[in-house]
Structure formats: structure tokens, C-alpha cells
Amino acid sequence: MSNVKIMEHPLIKHKITVMRMEATGTGEFRRLVEEVAMLMTYEAISDIETTDIEITTPIEETSQPVISGKKPAVVPILRAGLGMVNGVLQIMPNAKVGHIGMERDEQTHLPHTYYCKLPPQIEERLVIVVDPMLATGGSLCDAVDEIKRRGGKRIKCMCIIAAPEGIEAFTKKHPDVQLYIGAVDRCLNKDAYICPGLGDAGDRIFGTVQ
Ligand code: PRP
Ligand code: URA
């Protein structure tokens, strides 16, 4: 599991605990998703490319590092991944944004892709796929398949909560992709929901809980 990084920061752990609480309402939940995404992005781009440039300080000329290469792309898996986008953009305001629309069938739990639009020259960009929940892993596996089919090469994924089943399925299918996880939970239930989890992330972000 060398390509899986689990977040250790106490602030991330605290925020995820509050997200899990049934009593946490839509506004606060949405804000926490964004904040956790921001903190995870800081970790996920710690190896981003830099190049040295010549600058002049008030004291002297010097060679110092700046971030180089084409602008990264953040790609949320709709709907719930949308909740993480602004958090990523707070750290990387110039990133491009793509979208992949996927929905799990409630009976089979298999994902169905209904939309995909990615920024141009995706093969030259660092692509960060975001989705708060990694349950069976089906949605993330298919999303990364789709990005690879369209030329994506340098891909990282960020999920706030993951089930062990999803991590195993994903790392088997995409061993070349780095996975950043906020917290690893116990297991999936018979409806393929993460336990203890936080319920349906999309419904909690958008206030569509039935
Ligand atoms: C949720 C979640 C993931 C997927 C995870 O989306 O946001 O995309 O389920 O499950 P998996 O790992 O078993 O594929 P959902 O299909 O509920 O759609 P939504 O974001 O529109 O609510
Ligand atoms: N999708 C969610 O939103 N929550 C889960 O627990 C599993 C899939």
C-alpha cells in the first residue's frame, strides 16, 4: 500500500469527526468538506514540481524555487466531489476544473458514468480526482479509467473517508495512482455504505436527504 497515504493531522481528524455526526447540518457539513479538502491538498501536492528562477531581493540576486509545469486539473466526481473543489482551489487557485458525472445504482451498487469533460492537454497536467467517499471503489476506478482513456498520466485521488474494500479494489486496479485518504473506516454494510461513515455525502452536501 505504498501508494496510499492516510492523513495523520489532528485537525483533519477532528473535522472528519464533526462531519460524521448526524446532528451536523448542511451548511456546516459543506464547510467542513471544503476545509478537509484544502488541508488534504496541501499534503497531496507536497511533491509538486518546482524549478529555480533568478530573482532580486532588496539585498541581492538569488536563484529560488517556484512551482513549474502546466496548471494542475482538479476533477470532482459528481455530485459529492463538487463539495471538495473550492477547498482544492483555495490552495491552487489557478487549477483547471474538469467534471466526471457518476452515479451508483442503488440495487447493484455499480457506477454509471453520465458525463465527462476534462481540461485540454490533460496528458501534461497533474490531475487530482476528488470524491469524499470511497466505498466499493467502483466509482473511483471507473473515473480514473476514463481519465486515463482520455490521456491522463499523472493522477492523484483524494477521498475523505474510505472503506478497506474500496482501497483494496482501487489499488489493485490502479497501482500507479496515489491515493490520499482522510480516514479509513471499518467496513461496508449490505447497502454498500461505509460504517461508521457519515451517510450519503452527496445528500448531506446538497441537503437532499429524503
Ligand atoms: C457516492 C460517492 C462516490 C460513490 C462511492 O456517490 O460520492 O462517488 O458513491 O461509492 P463506490 O465506491 O461504491 O462507487 P453517489 O453514487 O451516491 O452519487 P452522488 O454523489 O450523486 O450522491
Ligand atoms: N456513498 C456515500 O455517499 N456514502 C457511503 O457510505 C457510500 C457511498
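**Focus on the packing of aromatic side chains**
Thinking step 1. For the structure on display, the rule yields zero aromatic pairs.
Thinking step 2. If you follow Arg104 out to its NZ or CZ, it ends over the ring of Tyr193, 5.6 Å from the centre.

**Here we look at the packing of helix H1 (residues 10–20) against helix H2 (residues 26–44)**
Thinking step 1. Taken N-terminus to C-terminus, the directions of H1 and H2 make an angle of 155°; their axes are 10 Å apart at the nearest point. Relative to H2, H1 is oriented roughly antiparallel. The handedness of the crossing between H1 and H2 is left-handed. Here H1 contributes Leu11, Ile12, Lys15, Ile16, Val18 and Met19 to the contact with H2, which in turn contributes Glu28, Phe29, Leu32, Val33, Glu35, Val36, Leu39 and Met40.
Thinking step 2. Tallied by class, the residues present in the contact of H1 with H2 amount to 11 nonpolar, no polar and three charged.

**Details of the site of ligand 2**
Thinking step 1. Within the structure, ligand 2 sits among Arg104, Met133, Ala135, Ala192, Tyr193, Ile194, Gly199, Asp200 and Ala201.
Thinking step 2. Within the contact set of ligand 2, a nitrogen atom lies 2.8 Å away from a backbone nitrogen or oxygen of Gly199.
Thinking step 3. The contact in question runs from an oxygen atom of ligand 2 to an N or O atom on the backbone of Ala201, over 2.8 Å.

**Topic: unusual backbone geometry**
Excluding glycine, residues mostly have negative phi values, and the peptide bonds linking residues are mostly trans.
Thinking step 1. For the bond from Leu78 to Arg79, the omega torsion is -5°, close enough to zero to count as cis.
Thinking step 2. Position of Arg79 relative to the elements: it lies in the loop between strand E4 (73–78) and helix H3 (82–91).
Thinking step 3. The peptide bond linking Cys195 to Pro196 adopts the cis configuration, its omega dihedral lying at 0°.
Thinking step 4. Note that Pro196 resides in the loop between strand E13 (194–195) and helix H6 (201–206).
Thinking step 5. The backbone of His109 shows a phi angle near 70°, a positive value even though the residue is not glycine.
Thinking step 6. Relative to the helices and strands, His109 is located in the loop between strand E6 (99–104) and strand E7 (111–117).
Thinking step 7. The phi angle at Ala192 is positive, at roughly 65°, despite the residue not being glycine.
Thinking step 8. Relative to the elements of secondary structure, Ala192 occurs in the loop between strand E12 (187–188) and E13.

**Brief notes about the site of ligand 1**
Thinking step 1. Taken together, the neighbourhood of ligand 1 is formed by 15 residues, with Arg104, Asp131, Thr136, Gly137 and Ser139 sitting nearest.
Thinking step 2. Take Gly137: an N or O atom from its main chain is 2.8 Å from an oxygen atom of ligand 1.
Thinking step 3. At the level of secondary structure, the elements contributing two or more residues to the shell around ligand 1 comprise E6, strand E9 (133–134) and helix H4 (138–149).
Thinking step 4. Among the residues making up the shell around ligand 1, the classes are represented as five nonpolar, five polar and five charged.

**Some remarks on a negative patch on the surface**
Thinking step 1. The grouping of Asp52, Glu54, Glu60 and Glu61 at the surface amounts to a negative patch.
Thinking step 2. With respect to the secondary-structure elements, Glu61 resides in strand E3 (residues 61–67).
Thinking step 3. The exposed category is assigned to Glu61, whose relative accessible area is 64%.

**Side note on the nonpolar core**
Thinking step 1. Met19, Met40, Met158 and Ile160 are the most contacted members of the largest nonpolar core, which totals 35 residues.
Thinking step 2. Looking at this core, the elements with two or more residues in it are H1, H2, H3, strand E8 (126–130), strand E10 (154–162), strand E11 (178–184) and H6.
Thinking step 3. It is H2 that provides the largest number of residues to this core, a total of seven residues.
Thinking step 4. Residues within four places of Met40 in sequence aside, it is in contact with Met7, Ile12, Met158, Cys159, Ile160, Tyr180, Ile181 and Gly182.
Thinking step 5. Counting 26 residues, the second largest nonpolar core, distinct from the first, contains Ala73, Met102, Leu118 and Cys141.

Cut-offs applied
- Residues numbered from 1 in each chain as written.
- Chains lettered and ligands numbered in written order.
- Predicted model: local features only at pLDDT ≥ 70, side-chain atom pairs only at ≥ 80, totals over all residues.
- Heavy atoms only, no water.
- Phe/Tyr/Trp six-rings, centres within 6.5 Å; stacked < 30°, edge-to-face > 60°.
- Lys NZ or Arg CZ within 6 Å of the ring centre and 35° of its normal.
- Axes fitted to C-alpha atoms, helices over the stretch in contact; angles between N-to-C directions.
- Helix = DSSP H or I, 4+ residues; strand = E, 2+ residues; numbered from the N terminus.
- Parallel < 35°, antiparallel > 145°, perpendicular 65-115°, else oblique.
- Left-handed = near helix turned anticlockwise from the far one by under 90°.
- Contact = heavy atoms within 4.5 Å.
- Nonpolar A, V, L, I, M, F, W, Y, C, P; charged D, E, K, R; others polar.
- Near = heavy atom within 4 Å.
- Polar contact = N/O pair within 3.5 Å; in protein donor to acceptor, adjacent residues only side chain to side chain.
- Patch = residues over 30% accessible without salt bridge, like charges linked within 9 Å, V, L, I, M, F, W, Y side chains within 5 Å.
- Areas by Shrake-Rupley, 256 points an atom, 1.4 Å probe, with all protein chains shown as cover.
- Salt bridge = Lys/Arg side-chain N within 4 Å of Asp/Glu carboxyl O.
- Lys, Arg positive; Asp, Glu negative; His and termini not counted.
- Charge placed at Lys NZ, Arg CZ, Asp CG, Glu CD.
- Buried < 20%, exposed > 50% of the residue type's maximum accessible area, 1.4 Å probe, protein only.
- Core = buried A, V, L, I, M, F, W, Y, C linked by side-chain atoms within 4.5 Å.

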